[in-house]
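Single-letter residue listing:
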Amino acid sequence: MGQYLRVSVLLTALVLASGPLACADTYESEKHSFRIKTLAGGLEHPWSMAFLPDGKLLITERPGRIRILEDGRLLDRPVGGVPEIRPNGQGGLLDVAAHPDFERNRLIYFTYSGFGEGGWSTELARARLDELANLEGVEVLFRAEPRSSGGRHFGSRIVFDGSGHVYFGMGDRGERNRAQDLSDHAGSIYRLMDDGRVPSDNPLVNRPNARPEIYAYGIRNPQGLIVHPETGELWEHEHGPMGGDELNVIRAGRNYGWPTITFGRAYTGFSIGEGTSMEGMEQPLYYWVPSIAPSGMSYYSGNRFSDWRGNLFIGSLKFALLVRLELDGETVVSEERLLQGELGRIRDVRQGPDGLIYLLTDAPDGVLARLEPAD
């Protein structure tokens, strides 16, 4: 549960959006000394990032833009051809991910709050990114139903399992009981083939009145999703109410309890549901009370921070910090909190192809930053 210790201070001029920005402060964690390098500023509520094989980095901005970082510089021109996004509360343009075979097919996938009859819901689309940085052939693969007018709990992260499946999720849209209703997409993790078809072995395919895209349910608001690189298991984290943020291993057909069981309480202070456990409902691997408001997650497998290998890194919106979890299999053995108040609300966390850790901050003038070894 240790906090970092700031050991040196060196002020550096920041030139926003005109090239790489540098912060030479040095920090000590329990395992590594590191520095922060700010690579780009002037991002409007950035939400997600995706590394491309040619070295470019895509960054989504919640109002509806995809930006490009190329050769260390944030390009002025956003990606062309992005469909109109109508932000609503926490919604807007959310996650972005490159297809595992991007070098051949140049497909990117993105989630967003889609608007239609009845209001908003989470949608998944894909398109081809051409050589001029324009989207071609935008295809909506999934629209969550039913829609609703609220602006909360859209989710959503996208991951591929290497076997032709894509996973993503949506929260309960602020209407908690929807997460236990299998005829409703809300409050679930979904599994599709990468072309949008429903896999024939999805757990609810043959269940009457159930949405066949649902892979797991009882989810409040998922904003972290990874495929564990060693086990192939799907790991997820989600926002609880007042307390009760959860880290889960997501397995086919399982019920993760919300709102019947939770370690959190309503914002009024009253209890929710029927306690913290119930037969037939999954327990989290780990939970936070008070809430940290987790967003973004990365399993570190690189070589630049050797003593962090096998750790989970999770952003915190509420406390404006980075959480480092040490694991023993599916057990969290320790937690360390880094960078509290240094960067702001951390929305996304990714390991780059260079083995460094990249962060996005959620702000009207958000930044892309990178953690680098101090020695």
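Refer to the preceding data block for the structure.
Everything numeric in this text was worked out from a predicted model, so none of it was measured.

Draft legend 1. Structural view of the overall build of the protein. A tally of regular secondary structure across the protein gives 1 helix and 26 strands. At 20 Å, the protein has a C-alpha radius of gyration in line with the 21 Å of a compact globule built from 375 residues. Expressed as lengths along the three principal axes of its C-alpha atoms, the size of the protein is roughly 60 × 45 × 40 Å. When each of the 375 residues of the protein is scored for burial, the buried share is 58%. Carbon and sulfur atoms form 47% of the exposed surface of the protein, whose accessible area is close to 15,000 Å². Of the side-chain charges in the protein, 39 are positive and 51 negative, and the distance between the mean point of each set is 3 Å.

Draft legend 2. Here's a closer look at the sheet that holds strand S6 (residues 65–70). Taken in spatial order, the 4 strands line up as S4-S5-S6-S7 in an open sheet, and their pairing is antiparallel. Single-partner strands in this sheet number two, and they are strand S4 (46–51) and strand S7 (73–74). Pairing of S6 with S7 involves 2 bridges; the strand directions are antiparallel. Within S7, the residue paired with Glu70 across the bridge is Arg73.

Draft legend 3. Highlighting the side chain of Thr262. By the secondary structure assignment, Thr262 is in the loop between strand S18 (245–250) and strand S19 (286–288). If we ignore the near neighbours within four places in the chain, the residues touching Thr262 are Pro241, Ile272, Gly275 and Thr276.

Draft legend 4. Quick peek at unusual backbone geometry. Following Gly155, the chain continues to Ser156 via a peptide bond in cis, the omega torsion being 15°. Tracing the chain through its elements places Ser156 in the loop between strand S11 (135–143) and strand S12 (159–160). Here the bond from Trp258 into Pro259 is cis, since omega is 0°, no more than 30 degrees from zero. Tracing the sequence through the fold places Pro259 in the loop between S18 and S19. Residues other than glycine seldom take positive phi values, yet Arg173 does so here, at roughly 65°.

Draft legend 5. Spatial organisation of the nonpolar core. Formed by 29 residues in total, the largest nonpolar core has its most connected members in Leu339, Leu359, Leu368 and Leu371. The biggest single contributor to this core is strand S3 (residues 33–43), with 5 residues.

Draft legend 6. Representation of empty space enclosed by the protein. Taken as a whole and assessed by the stated rule, the structure comprises 2 cavities of 30 Å³ or more. A volume near 40 Å³ is recorded for the largest cavity. Looking at the second largest cavity, the residues that line it are Ser156, Arg157, Phe168, Gly169, Ile189, Pro222, Gln223, Gly224, Leu225 and Glu236. When contributions to the lining of the second largest cavity are tallied by element, the ones reaching two or more residues are strand S13 (165–170) and strand S16 (222–227). By residue number, the principal contributor to the lining of the second largest cavity is S16, which donates 4 residues. Grouping the constituent residues of the lining of the second largest cavity by class yields 4 nonpolar, 4 polar and 2 charged.

Draft legend 7. Structural detail: the environment of Leu69. With respect to the secondary-structure elements, Leu69 resides in strand S6. Residue class for Leu69 comes out buried when judged on its relative accessible area of 8%. Counting along the chain gives 13 residues from Leu69 to Lys56, while the straight-line C-alpha distance between them is 5.8 Å. When sequence neighbours within four positions are dropped, the list of residues in contact with Leu69 reads Leu39, Ala40, Gly55, Lys56, Leu57, Leu74 and Leu368.

Draft legend 8. View of the layout of surface pockets. Computed from the structure, the largest pocket encloses a volume of approximately 930 Å³. Together, 36 residues line the largest pocket, and Phe51, Ile158, Val159, Arg350 and Gln351 are the ones closest to its centre. Within the residue set of the lining of the largest pocket, elements represented by two or more residues are S4, strand S8 (93–98), helix H1 (102–105), S12, S16, strand S20 (294–299) and strand S24 (346–351). Within the lining of the largest pocket, the residues separate by chemical class into 21 nonpolar, 9 polar and 6 charged. Size it by volume and the second largest pocket reaches roughly 340 Å³.

Draft legend 9. Representation of the environment of Asp181 within the structure. Mapped onto the fold, Asp181 is located in the loop between S13 and strand S14 (188–193). The exposure class assigned to Asp181 is partly exposed, which follows from its relative accessible area of 34%. Taking the C-alpha atoms as reference, Asp181 lies 9.5 Å from Arg211; in sequence the two are 30 residues apart. In this structure the side chain of Asp181 is engaged in a polar contact, spanning 2.6 Å, whose partner is the side chain of Ser183.

Scoring rules and cut-offs
Residues numbered from 1 in each chain as written. Predicted model: local features only at pLDDT ≥ 70, side-chain atom pairs only at ≥ 80, totals over all residues. Heavy atoms only, no water. Helix = DSSP H or I, 4+ residues; strand = E, 2+ residues; numbered from the N terminus. Rg over C-alpha atoms; globule rule 2.2 N^0.38 Å. Buried < 20%, exposed > 50% of the residue type's maximum accessible area, 1.4 Å probe, protein only. Areas by Shrake-Rupley, 256 points an atom, 1.4 Å probe, with all protein chains shown as cover. Lys, Arg positive; Asp, Glu negative; His and termini not counted. Charge placed at Lys NZ, Arg CZ, Asp CG, Glu CD. Pairing = 2+ DSSP bridges. Contact = heavy atoms within 4.5 Å. Core = buried A, V, L, I, M, F, W, Y, C linked by side-chain atoms within 4.5 Å. 1 Å grid on protein atoms, 1.4 Å probe; cavity = no way out; pocket = protein on both sides within 12 Å on 5 of 7 lines; lining within 4 Å. Points joined across faces, edges and corners; volume = space filled by probe spheres on them. Nonpolar A, V, L, I, M, F, W, Y, C, P; charged D, E, K, R; others polar. Polar contact = N/O pair within 3.5 Å; in protein donor to acceptor, adjacent residues only side chain to side chain.

Any functional reading would require information beyond the geometric quantities listed.
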